[in-house]
Amino acid sequence: MYDKWNLDILYKGYDDPAFLNDWKKLEQILEELKQFAKDCQKMEDLKMLKEAVAVLENYHLVGERLGSFVSLRQATDTTDAQTVSLIARFSKLVSQSGEAEAMINKRIAAVSDLDALIKQDEVLQEYAYLFHNIKEENRYLLDDAVEGVIAKLNLSGPKGWEDLQQYLTSTLIVDYKGSNETLSSIRNMAYSADKEVRKSAYEAELKAYDKIKEAIAFSLNNLKSYVNTIVELRGYDSALDMTLKQAHMKQETLDAMFGAMKRFMPKFHAYYRRKAELLGYQNGLPWYELFAPMGESSQVFTPESAHRYLLDHFKNFDIELHDMIDRAFKEEWIDFFPRSGKVGGAFCANLTAQKVSRVLTNFDGGLGDVVTLAHELGHAFHGQQIESHRPLNTGYSMPVAETASTFNENIIMNAAIAETSDPQEKAALIENQLQDLSQIICDIYSRFLFEDTVFNRCKNEFLFAKDLEEIMLEAQKEAYGNGLDHDVLHPYMWICKSHYYSAHLSYYNFPYAFGGLFARGLIVKYQQEGKAFVEKYKQLLHATTVADVEEVAKMADIDLTDQAFWESSLQTASDLIDQYLELTK
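Owing to the predicted nature of the structure, the values given are computational and were not obtained by experimental measurement.

Visitor: What is the right way to read helix α9 (residues 158-171) from this model?
Guide: Since one α-helical turn is 3.6 residues long, residues separated by three or four positions face the same way. A rise of 1.5 Å per residue sets the reference length of α9, with its 14 residues, at 20 Å; its end C-alpha atoms lie 20 Å apart and thus fit the reference within 8%. Buried residues along α9 sit against α8 (144-156), α10 (183-188), α12 (213-234) and α22 (493-496).

Spelled out as structure tokens, the structure:
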């Protein structure tokens, strides 16, 4: 308890008979899927739709269980040879579905009277949104054989480059004052109360990247070039266009959000300048001081006290959320501490078929770690809200993926701030929240600028590490403005952020800003409507897998294409900064 997660709900190990049986079952299901892809071409439409749902659901359930188990094992030990081998075998196995799924989707898309057929069957009615998306996405599908080739090439191409980044960063040894530290441990030192530790850890981190930066530059170049090739083959306007369509989100929504963010960025720069002044800097905040703890708050948490803290702060919001958090701790959903071979950062994996989740963190005891737990458990709560959907309706798009998580952050931080009357304690808590807010505004915008530039330049040139460093620094200067010391930035943020290294999930940056700001807007609704809002909120989360982003927001009477909404959300952040500036003047 309070250490490593337990995966027994999936399998007890690689020698578990259930694991071995499911592996054989998946091989059989794939053969059935390939045969159905051929047979369905001549089937009567209604019969074809029903049987397509049955075979795809079966494939999804078994494949997700096996895939979740091996990927979760890999996340906690990237050096385990057996896991690495099984990941490769699993990826090769499921790649066989590419051509068959493309054939099935094209057959579904060819149905002319789709709506009339859907009305004839309750199960098909639940999949109406999925079927219409298949029809729309069919415009970008290639020949069946080509789709099959792409799926197979993914194994030796983009997946290999993705694994390389993960392996090199998770096994990187950082020389810190004569001792060997993991990259996760070194990056956690950014939250140390000791200024010398923060600075020396930052310097050691940057120096350590020299060992791996060129190899990871090759990884990034090849992944982005691959995505650009797929974009061109499928006929999308750009990688961003493809991402937005996959996210079921309009360009107008993204433009409205970024427009509001740019308008309010000077306020965040003012926060950074004030923090710099308080720490004794004249030219803006050095990068290694971004997460320097401020004020008199000296709370140190253990997993046990974090458990109690989260329960205390969520019990008045919703008993369902409170009870789920309690289960997460008691039933060993969480893998807490950094260790060699474990990936950095934090994530939550929803195991919807098992009606549970698994959360990975690199817990170090600060309040920020408790906020991270609240964030990831928000993902778990989101997963709980979609458990009642059918198996093919359990995937939500990137933007709404961060809604419940950042909503949780706001709940816990707002409560903590309201509970203290001590000005110094209040300033410390507000500053902690402003750290996170500034990350989803300034840092996320810098990441978007960086990735957008890399995508465009990779079309015509190879970007070596020095080129990527320059692009990152320019992005940080634009996003952070005069809030940071431009002589002490972080040229290697492209190395340690795994979000850049996926062939199937580009621009995994703006969803954090979306989630954070959308959540703040929902918090305003909660403050206005009280308990009556909670059920509306849960219904909204439930709908995220079966509706476009803009339609989901309308359930809370929000128009995402209107910049005024995003500005109203950012105004609450601006008010918080004003409060902080007043408390610290």
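That was the structure; now back to the text.
Visitor: So what exactly am I meant to see when it comes to the pattern of salt bridges here?
Guide: This structure, assessed with the given rule, holds 35 salt bridges. Of the charged contacts, one joins D22 and R65 as a salt bridge, the two residues approaching to 3.4 Å between their closest N and O atoms. Here D22 is found in helix α1 (residues 17-39), whereas its partner R65 is found in helix α2 (residues 45-76), with 43 residues between them in sequence. Look at D22 and you get buried, because its relative accessible area is 8%. Taking the shortest distance from any N to any O, the salt bridge between D318 and K538 comes out at 3.2 Å. Note that D318 is positioned in the loop between α15 (303-314) and α16 (319-330) and K538 in helix α24 (residues 532-543), a separation of 220 residues in sequence. In this structure, D318 and K538 share a single accessibility class: buried. One salt-bridge network, held together by shared partners, links D318, E320, E535 and K538.

Visitor: How should I be thinking about the packing of α12 against helix α21 (residues 465-480) in this particular structure?
Guide: If you want to describe how two helices pack, look at the angle between their axes and the distance between the axes. The N-to-C vectors of α12 and α21 enclose an angle of 75°; their axes lie 9 Å apart at closest approach. Comparing the axis directions of α12 and α21 gives the class roughly perpendicular. In this structure, α12 uses K213, E214, A217, L220 and N221 to contact α21, whose residues at the interface are A465, L468 and E469. Broken down by class, the residue content of the contact of α12 with α21 amounts to four nonpolar, one polar and three charged.

Visitor: Please clarify how the sheet that holds strand β5 (residues 356-360) should be interpreted in this entry.
Guide: In sheet architecture, strand pairing relies on hydrogen bonds along the backbone and comes in two forms, parallel and antiparallel. In spatial order, the strands read β3-β5-β4; together these three strands make up an open sheet with mixed pairing. Single-partner strands in this sheet number two, and they are β3 (334-335) and β4 (347-351). Here five bridges tie β4 to β5, and the two strands are oriented antiparallel to one another. Within β5, the position partnered with C348 by the bridge is V359. Across the sheet, α2 is in contact with β3, β4 and β5; its angle to β4 comes to roughly 160°.

Visitor: Got a minute to help me understand the environment of L117 in this structure?
Guide: Within the secondary structure layout, L117 lies in helix α5 (residues 114-118). L117 gets classed as buried once you look at its relative accessible area, which sits at 7%. Distance in space between the C-alpha atoms of L117 and G67 is 33 Å, their sequence separation being 50 residues. When near neighbours in sequence (up to four residues on either side) are disregarded, L117 contacts D45, L46, L49, V111 and L124.

Visitor: Whenever I open this one, the nonpolar core confuses me. Can you help?
Guide: Soluble, globular proteins show a tendency: their nonpolar side chains are buried together. In this structure, F131, M257, M261, L310, F450, W494 and F510 are the most contacted members of the largest nonpolar core, which totals 205 residues. When residues of this core are assigned to their parent elements, the largest contribution, 15 residues, is made by helix α20 (residues 423-457).

Visitor: Is there a simple way to explain the packing of helix α19 (residues 403-419) against α20 in this structure?
Guide: Running from N to C, α19 and α20 cross one another at 165°; their axes reach a closest spacing of 9 Å. For the element pair α19 / α20, the angle class is roughly antiparallel. In the packing of α19 onto α20, the handedness of the crossing is left-handed. Of α20, the residues touching α19 (which contributes E409, N410, M413, N414, A416 and I417) are K426, L429, I430, N432, Q433 and D436. Of the residues contributing to the contact of α19 with α20, the split by class is five nonpolar, four polar and three charged.

Visitor: Whenever I open this one, the pairing of β5 confuses me. Can you help?
Guide: As a general feature of sheets, a regular strand has side chains that alternate between the two faces. Most of β5 sits inside the fold, with five of its five residues counted as buried. Of the strand pairs in this sheet, β3 and β5 are connected by two bridges, and their pairing is parallel. Its bridge partner being in β5, I334 is matched across the sheet by V359. The turn joining β4 and β5, which pair antiparallel and follow one another in sequence, is formed by four residues; a positive phi near 60° is taken by K355.

Visitor: Would you take a moment to explain the pairing of strand β2 (residues 179-182) for this structure?
Guide: As paired elements, strand β1 (residues 173-176) and β2 share four bridges and run antiparallel to each other. Residue pairing in the sheet places I173 in a bridge with T182 of β2. What sits between β1 and β2 in their antiparallel hairpin is a turn of two residues, with K177 showing a positive phi close to 55°.

Visitor: Looking at this structure, I do not really get the packing of aromatic side chains. What am I missing?
Guide: Any aromatic ring pair is given by two values, namely how distant the centres are and how the planes are angled relative to each other. Taken as a whole, this structure holds 41 aromatic pairs when the rule is applied. Arranged with centres 5.4 Å apart and planes meeting at 50°, the rings of Y14 and F19 form a pair that is tilted. Ring geometry for F301 and Y309: centres 5.1 Å apart, planes at 70°, overall edge-to-face. Among the residues examined, F301 registers a relative accessible area of 8% and is labelled buried. Site record: aromatic cluster; members linked through ring pairs are Y11, Y14, F19, W23, F69 and F90. Its end group placed over the ring of Y14, R73 keeps NZ or CZ at 4.2 Å from the ring centre.

Cut-off values and rules
Residues numbered from 1 in each chain as written. Predicted model: local features only at pLDDT ≥ 70, side-chain atom pairs only at ≥ 80, totals over all residues. Heavy atoms only, no water. Helix = DSSP H or I, 4+ residues; strand = E, 2+ residues; numbered from the N terminus. Expected span 1.5 Å × (residues − 1). Contact = heavy atoms within 4.5 Å. Salt bridge = Lys/Arg side-chain N within 4 Å of Asp/Glu carboxyl O. Buried < 20%, exposed > 50% of the residue type's maximum accessible area, 1.4 Å probe, protein only. Axes fitted to C-alpha atoms, helices over the stretch in contact; angles between N-to-C directions. Parallel < 35°, antiparallel > 145°, perpendicular 65-115°, else oblique. Nonpolar A, V, L, I, M, F, W, Y, C, P; charged D, E, K, R; others polar. Pairing = 2+ DSSP bridges. Core = buried A, V, L, I, M, F, W, Y, C linked by side-chain atoms within 4.5 Å. Left-handed = near helix turned anticlockwise from the far one by under 90°. Phe/Tyr/Trp six-rings, centres within 6.5 Å; stacked < 30°, edge-to-face > 60°. Lys NZ or Arg CZ within 6 Å of the ring centre and 35° of its normal.

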